[in-house]
Amino acid sequence: MVTELHYSSTNTYLISGTEGTLLFDTGWAGTFRSFCREMGQLGIPVQKITCILISHFHPDHCGIAQEIADLGPVIAVLDVQREYVHAADAVLEREPEKGFHPIDDQRIRMIDCGSSRSFLQEMGIAGEIIPTPGHSDDSISLCLDDGSFFVGDLNPLYELEMHRGTMIADSWERLLARHPKTIYYGHARIAKMDLPEEQQDAGREYALVKRIMRYTDKGYSAERIQQKTGAPIDWIRDAMRMYLTHTNISVQGILDRMEIRGR
């Protein structure tokens, strides 16, 4: 079960599993009382939260993490986030009246990406946590098996075409390959994926062409690439032909030419 909390300018979420509850992001420093009031209105004691997961360590996402953790929850930090835990401290400390509490390094729980599924299973939550850099180098996304994806400040999917060839697009490729059904953003409205099927298909095709380009660079034959990807052999050959005959062509350029050729 997912509960959206409404106490901060940042969207934060409670994810309830069969054995515990995870809080995804926390909001700005100075919002702790509002957070507690929101939890009280929901009838959920803060102590019921098992773990806090931060999408990335910008001030509007981690500002009250330690204040909440002081009541019992543990802050989980992915290995790719290790060097960024205190990246926002200098900004948050500029306003001492907000009572910012830096994260206590001695009390965090370090998680490597490869063991994220077993970590979530401890709370009875089925899913995994994956790196999705683009907005920031330490950005991660929580991908639940039921299709609920929590992506923090990763640029919204409807902006994907604007970011082709960037880390943002690469991160969306990884997410789309896992077939999200509902996207929970840090600053945008929750998005259902039942309507924009075209965007999902486009993302999967983009990721496939990128793989074909990499395999072509390694000297793989079309037949071997088919074994690796499962894509139709004629489609693979078309993509390879476009890649090999157009100098410095982009992934989107290949897709555009294949679309024109197929009309």
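Nothing here was measured: the structure is a model prediction, and the numbers come from that model.

## A word on helix α6 (residues 167-176)
Moving on, step 1. The buried fraction of α6 is high, at seven of 10 residues.
Moving on, step 2. Within α6, burial applies to Ile168, Ala169, Ser171, Trp172, Glu173, Leu175 and Leu176.
Moving on, step 3. Its side-chain oxygen 3.3 Å from the backbone nitrogen of Ile168, Thr166 forms the N-cap of α6.

## Let's talk about the pattern of salt bridges
Moving on, step 1. Within this structure, the stated rule accounts for nine salt bridges.
Moving on, step 2. Note that Glu95 and Lys98 form a salt bridge whose closest N and O atoms lie 3.3 Å from each other.
Moving on, step 3. According to the relative accessible area criterion, Glu95 is partly exposed, its value standing at 33%.
Moving on, step 4. Lys98 sits in the partly exposed class, given a relative accessible area of 33%.
Moving on, step 5. Linking Asp234 and Arg237 is a salt bridge whose minimum nitrogen-to-oxygen distance equals 3.9 Å. Linking Asp234 with Arg237, this pair stays in helix α9 (residues 233-245), spanning three residues, or about one helical turn.
Moving on, step 6. Salt bridges sharing partners connect three or more residues here, namely Glu223, Asp234 and Arg237.

## Notes on the packing of aromatic side chains
Moving on, step 1. In the structure shown here, the tally under the stated rule is seven aromatic pairs.
Moving on, step 2. The interplanar angle of 75 degrees and the centroid separation of 5.2 Å between the aromatic rings of Tyr13 and Tyr184 together place this pair among those described as edge-to-face. Of the two residues, Tyr13 is situated in strand β2 (residues 12-16) and Tyr184 in strand β10 (residues 182-185); the sequence distance between them amounts to 171 residues.
Moving on, step 3. Every member of this aromatic cluster is reached through a ring pair, and the members are Tyr13, Phe24, Phe150 and Tyr184.
Moving on, step 4. Stacked on the ring of Tyr220, the Lys or Arg Arg224 has its end atom at 3.9 Å from the ring centre.

## Focus: the sheet that holds strand β4 (residues 51-53)
Moving on, step 1. Spatially, β1-β2-β3-β4-β5-β6 is the arrangement adopted by the six strands of the open sheet, whose pairing is mixed. Sheet topology places β1 (2-5) and β6 (109-111) at the edges, where each strand pairs with a single neighbour. Adjacent strand axes in the sheet meet at a mean angle of 25 degrees when their direction is disregarded.
Moving on, step 2. Together, β1, β2 and β3 (21-24) form the strand contacts of helix α1 (residues 32-42), whose direction differs from that of β1 by roughly 135 degrees.

## A word on the sheet that holds strand β7 (residues 127-131)
Moving on, step 1. One open sheet holds the five strands; their spatial order is β7-β8-β9-β10-β11, and the pairing between them is mixed. Both outer strands of the open sheet, β7 and β11 (191-192), are each paired with one neighbouring strand and no more.
Moving on, step 2. Here β10 runs beside β11; their pairing, made up of two bridges, is antiparallel. Paired with Ile183 across the strands is Ala191, a residue of β11.
Moving on, step 3. Of the strands in this sheet, β7, β8 (140-144), β9 (148-152) and β10 are in contact with α6, which crosses β7 at around 165 degrees.

## Thoughts on the pairing of β10
Moving on, step 1. Side chains Thr182 and Tyr184 project from β10 onto one buried face, and the interleaved Ile183 and Tyr185 project onto a second face that is buried too.
Moving on, step 2. With four bridges joining them, β9 and β10 adopt parallel strand pairing. What sits directly across from Phe149, in β10, is Ile183.
Moving on, step 3. In the classification by handedness, the crossover that spans β9, the intervening α6 and the parallel β10 is right-handed.
Moving on, step 4. Between the antiparallel neighbours β10 and β11 lie five residues.

## Considerations on the nonpolar core
Moving on, step 1. Core analysis: the largest hydrophobic core is formed by 26 residues, its most contacted members being Leu23, Phe35, Ile49, Ile68 and Ile75.
Moving on, step 2. Mapped onto this core, the elements with two or more residues apiece are α1, α3 (65-69) and β5 (74-78).

Reading guide: rules and limits
- Residues numbered from 1 in each chain as written.
- Predicted model: local features only at pLDDT ≥ 70, side-chain atom pairs only at ≥ 80, totals over all residues.
- Heavy atoms only, no water.
- Buried < 20%, exposed > 50% of the residue type's maximum accessible area, 1.4 Å probe, protein only.
- Helix = DSSP H or I, 4+ residues; strand = E, 2+ residues; numbered from the N terminus.
- Polar contact = N/O pair within 3.5 Å; in protein donor to acceptor, adjacent residues only side chain to side chain.
- Salt bridge = Lys/Arg side-chain N within 4 Å of Asp/Glu carboxyl O.
- Phe/Tyr/Trp six-rings, centres within 6.5 Å; stacked < 30°, edge-to-face > 60°.
- Lys NZ or Arg CZ within 6 Å of the ring centre and 35° of its normal.
- Pairing = 2+ DSSP bridges.
- Axes fitted to C-alpha atoms, helices over the stretch in contact; angles between N-to-C directions.
- Contact = heavy atoms within 4.5 Å.
- Right-handed = clockwise from strand over helix to strand, strands pointing away.
- Core = buried A, V, L, I, M, F, W, Y, C linked by side-chain atoms within 4.5 Å.

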